[in-house]
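Secondary and tertiary structure notes
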Amino acid sequence: MPTTQTILSWLLYAVPLVLAYAYYLRGRARRETEHRQELETSVADGLMEPPSLHPVIDPVKCIGSSTCAKVCPEGAIGIIGGKATLINGSACIGHGACKDACPFDAIKLVFGTERRGIDIPQVKPDFETNVPGIFIAGELGGMGLISKAAEQGRRAMESIARRCGDDRRGGAAAGAAVPHDVVIIGSGPAGLGAGLAAIDAKLRYLMIEQETNLGGAIFHYPRNKIAMTSPVVLPIIGRMKLDRVSKESLLDFWQAAIDKSGLQIRFNERMERVDPIDGGFVVRTSAGEHRARTVLLAIGRRGTPRKLDVPGEESAKVVYRLIDPAQYAKQRVLVVGGGDSALEAAIALAEQPGTKVTLSYRGESFNRVKQANRQRLQSLAKARRLRLAMQSTIASIRADDVLLQTQEGARRLRNDAVIVCAGGVLPTPLLRDMGVLFETKRGEA
């Protein structure tokens, strides 16, 4: 029979453990309550449809360790009922950190849902589409993960190099008519990986980018946003030893790689169409035409920014994404749009010293936006730190003002800058015109 001293010894060890476990259970219950509330808010606000690649959790394999939720910087995953759950699909950007962190392989990454399918182009293992000579790598082909996209770009270019080598050995006569072995479209991770591989393979390449900066979608992340990536071996540069890094650090890395390799990029040049010619293709862009044996599409799924098609939109004061709110301090800024990106831009600008912000939206109310954004916007409007112009459209843009068409008639605003957040025109129709086939994914890998 245990002695009193033995019982006291057991209690000495058991009581702290019981208290610690009770504290753990209390904290877990609190977090689950918060996650349930966020899920309910996301459902009510229509924020459960992921924009692209996203996790699906197997409840049988999931043990509720919370590692996936802890590594998700967007807060898209929570724990409900002891299992990992996607609680805000619209926040997920598909970096896959949750899948990598799961100790029981309970997560797979898929595209689309039963409700909203996503069209993914058909590509072969060597990244060539059904159209011979047109290759796809990176986000457009379904791989938004930074390291994997860069690797795909490299491997796609290796396939292109083999094709060009075979053509030369076969004595292809069309070489003189096509000054480039490949035109690379896009300077995101896939395009940069491909460009480095093209230099390494001594190919005659041309890289174009519709934006004015490199990095693709990464460049448009908010400042200091964590860009999840993992090591990858790049031609010329070697091993990319980056893991959990900020947007700025990653862009600095890519710029250093460009400086070291001498990679040439033609910025502010948008692809408009690709047509077949004898011996290759002609890539028609906003700046002219380029002939090449092959084409590598390393563009993202964001597409070309949707424009307003109004007089004066070509003005230098009109941009389509907010990068740095601080540059608009003490200016009069008009934000156009009704989605989360528009609300977040207006909020960020209103928090700058002396900035006067007007948010123009054609609808009566903001639907399908995050509750936190709606509440913050209403708070700023109530405090008169920004103005809302609901049910309004832009009629024209001039050097010093903007003409708004409202329910009450025309209204002229003095203005220094216009930021259009009206979404993007996806490249799917353009690719279909090229003959590229697609398949619709509905919750499939």
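The structure this text deals with has already been given above.
Description of the structure in this document.

Quick look at the overall build of the protein now. A tally of helices and strands in the protein yields nine helices and 26 strands. Residue burial in the protein is summarised as follows: out of 445 residues, 49% are buried. Counting only contacts in the protein whose residues sit at least 6 apart along the sequence, the fraction spanning at least 24 positions is 68%. Surface exposure of the protein reaches about 22300 Å², of which carbon and sulfur atoms provide 52%.

Taken in spatial order, the five strands line up as β17-β24-β18-β19-β20 in an open sheet, and their pairing is parallel. The outermost strands of the open sheet, each flanked by one partner alone, are β17 (318-319) and β20 (386-390). As paired elements, strand β18 (residues 332-336) and strand β24 (residues 417-420) share four bridges and run parallel to each other. By the bridge assignment, Val335 is partnered in β24 with Ile419. With respect to the sheet, helix α8 (residues 371-382) is in contact with β19 (356-361) and β20, its orientation differing from that of β20 by roughly 110°.

Attention shifts here to the packing of helix α7 (residues 340-350) against α8. At a minimum axis distance of 10 Å, the contact between α7 and α8 shows a crossing angle of 40°. With respect to α8, the axis of α7 lies oblique. Here the hand of the crossing between α7 and α8 comes out left-handed. From α7, Asp340, Leu343, Glu344, Ala346, Ile347 and Ala350 reach across to α8, where they touch Asn373, Arg374, Arg376, Leu377 and Leu380.

Take the pairing of strand β3 (residues 83-86) next. Side chains Ala84 and Leu86 of β3 all project onto a buried face; the interleaved residues Lys83 and Thr85 project onto a face where none is buried. Across four bridges, strand β2 (residues 77-80) lies against β3 in antiparallel orientation. Directly across from Ile77, in β3, lies its bridge partner Leu86. Counting the residues that bridge the hairpin from β2 to β3 gives two residues, and of these Gly81 lies at a positive phi of roughly 65°.

Here His290 is to be found in strand β15 (residues 288-297). Judged by relative accessible area, His290 falls into the buried class, the value being 8%. A distance of 2.6 Å separates a polar atom in the side chain of His290 from a polar atom in the side chain of Glu269. Discounting chain neighbours no more than four positions away, the residues touching His290 are His180, Val183, Leu206, Arg266, Glu269, Phe281, Val282, Val283 and Thr285.

A few words on α7. Most of α7 sits out of view: nine of its 11 residues are buried. What α7 keeps buried is the set Asp340, Ala342, Leu343, Ala345, Ala346, Ile347, Ala348, Leu349 and Ala350. Packed against the buried residues of α7 are β18, β19, α8, β20 and β24.

Glycine aside, the phi torsion of most residues is negative, and most peptide linkages are trans. At Ser66, a position not held by glycine, the phi torsion is positive, near 75°. Structurally, the position occupied by Ser66 is in the loop between β1 (54-57) and α2 (67-71). With phi around 50°, Asp105 is a residue other than glycine that occupies positive phi space. Inspection of the secondary structure assignment puts Asp105 in the loop between α3 (97-101) and β4 (107-110). Among the residues examined, Asp105 registers a relative accessible area of 47% and is labelled partly exposed.

Reading guide: rules and limits
Residues numbered from 1 in each chain as written. Predicted model: local features only at pLDDT ≥ 70, side-chain atom pairs only at ≥ 80, totals over all residues. Heavy atoms only, no water. Helix = DSSP H or I, 4+ residues; strand = E, 2+ residues; numbered from the N terminus. Buried < 20%, exposed > 50% of the residue type's maximum accessible area, 1.4 Å probe, protein only. Contact = heavy atoms within 4.5 Å. Areas by Shrake-Rupley, 256 points an atom, 1.4 Å probe, with all protein chains shown as cover. Pairing = 2+ DSSP bridges. Axes fitted to C-alpha atoms, helices over the stretch in contact; angles between N-to-C directions. Parallel < 35°, antiparallel > 145°, perpendicular 65-115°, else oblique. Left-handed = near helix turned anticlockwise from the far one by under 90°. Polar contact = N/O pair within 3.5 Å; in protein donor to acceptor, adjacent residues only side chain to side chain.

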